[in-house]
Every structure is written in C-alpha cells, then in structure tokens.
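Structural description and commentary
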Amino acid sequence: AQSVAQPEDQVNVAEGNPLTVKCTYSVSGNPYLFWYVQYPNRGLQFLLKYITGDNLVKGSYGFEAEFNKSQTSFHLKKPSALVSDSALYFCAVRDNGPGNTGKLIFGQGTTLQVKP
Amino acid sequence: DTAVSQTPKYLVTQMGNDKSIKCEQNLGHDTMYWYKQDSKKFLKIMFSYNNKELIINETVPNRFSPKSPDKAHLNLHINSLELGDSAVYFCASSRSAGDYNEQFFGPGTRLTVL
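Quick caveat: nothing in here was measured; it's all calculated off a predicted structure.

Rules of the game
Residues numbered from 1 in each chain as written. Chains lettered and ligands numbered in written order. Predicted model: local features only at pLDDT ≥ 70, side-chain atom pairs only at ≥ 80, totals over all residues. Heavy atoms only, no water. Disulfide = S-S within 2.5 Å. Helix = DSSP H or I, 4+ residues; strand = E, 2+ residues; numbered from the N terminus. Buried < 20%, exposed > 50% of the residue type's maximum accessible area, 1.4 Å probe, protein only. Pairing = 2+ DSSP bridges. Salt bridge = Lys/Arg side-chain N within 4 Å of Asp/Glu carboxyl O. Contact = heavy atoms within 4.5 Å. Buried area = accessible area lost by both parts, 1.4 Å probe. Polar contact = N/O pair within 3.5 Å; in protein donor to acceptor, adjacent residues only side chain to side chain. Nonpolar A, V, L, I, M, F, W, Y, C, P; charged D, E, K, R; others polar. Axes fitted to C-alpha atoms, helices over the stretch in contact; angles between N-to-C directions.

**Overview of the state of the cysteines**
Residue and element names in this part refer to chain A.
- What the rule picks out here adds up to two disulfides over all chains.
- Each sulfur of the disulfide joining C23 and C91 lies 2.0 Å from the other. With the S-S dihedral at roughly -65°, the linkage between C23 and C91 falls on the left-handed side. Here C23, found in the loop between β3 (19-21) and β4 (24-26), pairs with C91, found in strand β10 (residues 87-94); they are 68 residues apart in sequence, far enough to count as distant.
- Classification of C23 by relative accessible area gives buried; the value is 0%.

**Considering the pairing of strand β5 (residues 43-50) of chain B**
Residue and element names in this part refer to chain B.
- Counting buried positions along β5 gives six out of eight residues, so the element sits mostly inside the fold.
- Sheet topology note: the strand β4 (residues 31-37)/β5 ladder contains seven bridges and is antiparallel. Along β5, the bridge assignment pairs M32 with Y49.
- Between the antiparallel neighbours β4 and β5 lie five residues, among them K41 with a positive phi of about 75°.
- Of the strand pairs in this sheet, β5 and strand β6 (residues 53-57) are connected by four bridges, and their pairing is antiparallel. If you follow Y49 over to β6, its bridge partner there is L54.
- Taken together, β5 and the strand that follows it, β6, pair antiparallel across an intervening segment of two residues, in which N51 is found at a positive phi of about 50°.

**Comments concerning unusual backbone geometry**
- The amide bond that connects B:T7 to the next residue, B:P8, takes the cis arrangement and shows omega of -5°.
- Within the secondary structure, B:P8 sits in the loop between β1 (4-7) and β2 (10-13).
- Backbone geometry at A:T72 places phi at a positive 45°, although glycine is not the residue there.
- Along the chain, A:T72 turns up in the loop between β8 (64-68) and β9 (73-78).
- Its identity as a non-glycine residue notwithstanding, B:K41 has a phi of 75°, on the positive side.
- Residue placement: B:K41 occurs in the loop between β4 and β5.

**Description of the pattern of salt bridges**
- The tally for this structure, following the rule as stated, stands at nine salt bridges over all chains.
- In this structure, the salt-bridge partner of A:D85 is A:K78, at a minimum N-O distance of 2.8 Å.
- By relative accessible area, which is 7% here, A:K78 ends up buried.
- As a salt-bridge pair, B:R63 and B:E82 come within 3.5 Å of each other at their nearest N and O atoms. On the criterion of sequence distance, the pair formed by B:R63 in the loop between β6 and β7 (64-70) and B:E82 in the loop between β8 (73-78) and β9 (87-94) is long-range, its members being 19 residues apart.

**Some details on the environment of B:I21**
All names here are of chain B.
- Counting through the fold element by element, I21 comes out in strand β3 (residues 19-25).
- Residue classification places I21 among the buried positions, given a relative accessible area of 1%.
- Measuring from C-alpha to C-alpha, the distance between I21 and N75 comes to 5.7 Å, with 54 residues separating the pair along the chain.
- Every residue in contact with I21, bar those within four places of it in the chain, is listed here: Q6, T7, L11, W34, L74, N75, L76, Y89 and T109.

**Thoughts on the interface of chain B and chain A**
- Each partner contributes to the interface: chain B provides 23 residues, whereas chain A provides 21 residues.
- Here chain B packs against chain A, burying approximately 1800 Å² in sum over the two surfaces, 55% of which is carbon and sulfur.
- Inspection of the region where chain B meets chain A yields two salt bridges.
- On the surface where chain B and chain A come into contact, there are 10 residue pairs in polar contact (both at pLDDT 80 or more).
- Sorting elements by how many residues they give to the side of chain B that touches chain A places β4(B) first, with three residues.
- In the side of chain B that touches chain A, the residues fall into 12 nonpolar, five polar and six charged.

**Quick word on the sheet that holds β3(B)**
Residue and element names in this part refer to chain B.
- Strand order in the open sheet formed by four strands is β1-β3-β8-β7, and the pairing between neighbours is antiparallel. Each end of this open sheet is capped by a strand with a single partner; those strands are β1 and β7. With direction set aside, neighbouring strand axes in the sheet form an average angle of 20°.
- Bridge analysis of β3 against β8 gives four bridges, and the strand direction is antiparallel. Across the sheet, residue K19 finds its bridge partner in β8, namely I78.

Everything listed here is a matter of geometry and, on its own, says nothing about what the molecule does.
Spelled out as structure tokens, the structure:
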C-alpha cells in the first residue's frame, strides 16, 4: 500500500534559521510528490511538487524540497524561516494504483512553529 | 475571484438531520474532490468526480452522497448526521485526474453535529 509519513508532529525553529520538515514515502512505481501548507482556518495551499527531473524542487514563498530516491524522502526546506511560515504542512503522494484517479495520499501533517 | 468556493463555511446542526455542502470551482478544471479533515487534522479523500463521472468512492458510510450537476460543481449531501461526522470538509479541484497537476482547495466547511 502506498503511504506517506511525516515523523515529526511539530518542528520549532527560530526566525532566520534554516528549517526542515521531513517526509518519507512508500509507493509502487514512480513517486509523484507534493507539499501543501495550511494556515489556521484556511484551506490547503500548494507549495511545490516533484514529478521528474531535478531532485531539488523550488516552490512558493522561498520553499524548496529535495527528492532522494534512495532514502525515499522528500524533505521540505527553507534557508531562513519567517514567523509567518508558522502553519501546518502536509506532504502527499499521488496514488499510482489502478484507475489513474489522481488521488492524493496525505501524511499526518507537521506543525511548524517559528519563534521571533 | 475565488477559485474554489464552498458554502456554507460553518454548519451547526443536530444529530439525525440531513444537510448539504456545496462546492464550485471557476478554474475550468475537469476533476473535483471531497476530503474530510478530522479533529487531529488528518486529511482523507472521500470522493472524486472527473467530468461528472464518479471515479473515487472511498469507504465512507452510505449516508454520504456526492453529486456533480456539472464540471464546475460538486455537492455533498449527508443524511442522518452523527456526532462522528463533525469535521472540516474540503472541496478541491484539479485540471484532470490523469495528469500530475496540483489540486486547488476550497476554504473548508466546518461541520459541527450536536
């Protein structure tokens, strides 16, 4: 079965420091990976995706993610965190099962807390 | 213009009632989805329609029935509401189920069953 794991419920970082939010995946076939952010009382917003090509993917708001096939990971990173980055982050993988439905399987989410 | 909109934003109702949530997208997308986010923030797909055809029907109680009158609209009707149905329901859309484009999410409908 395909799955996504975000091993940390919460990540705390000081403003200005680099941040990493971890994600590992398990899929059959090629992985198609996504990161979304959810601010309080809002819907999810797309940050970036890996489909193919360069292992370092750049996205919105200065975020980037590194695809590592051997470690089956897709960690989200930002060189310098802002207080406004504080939110809930979701990693997701596209289901490669039959039907080609575009279904996304989400990780459990990681709360990022950036302190001034 | 809001890309994916949902109504209502909040819904408070009694157990046993029937309620509907509506979703509309103005992005010209072919595929729409319903997700449920529980109190622990866990997000799970419920249904998906591609060009008005049901393509995802996860294991949810048959009290939940989606309906897509056209590509731009996807509604969710819930019969005989139960306490456990309390959650935030998100609608989303994507260009096509068969491609690898991102999904766009609505603002959510917070359902509280008393």
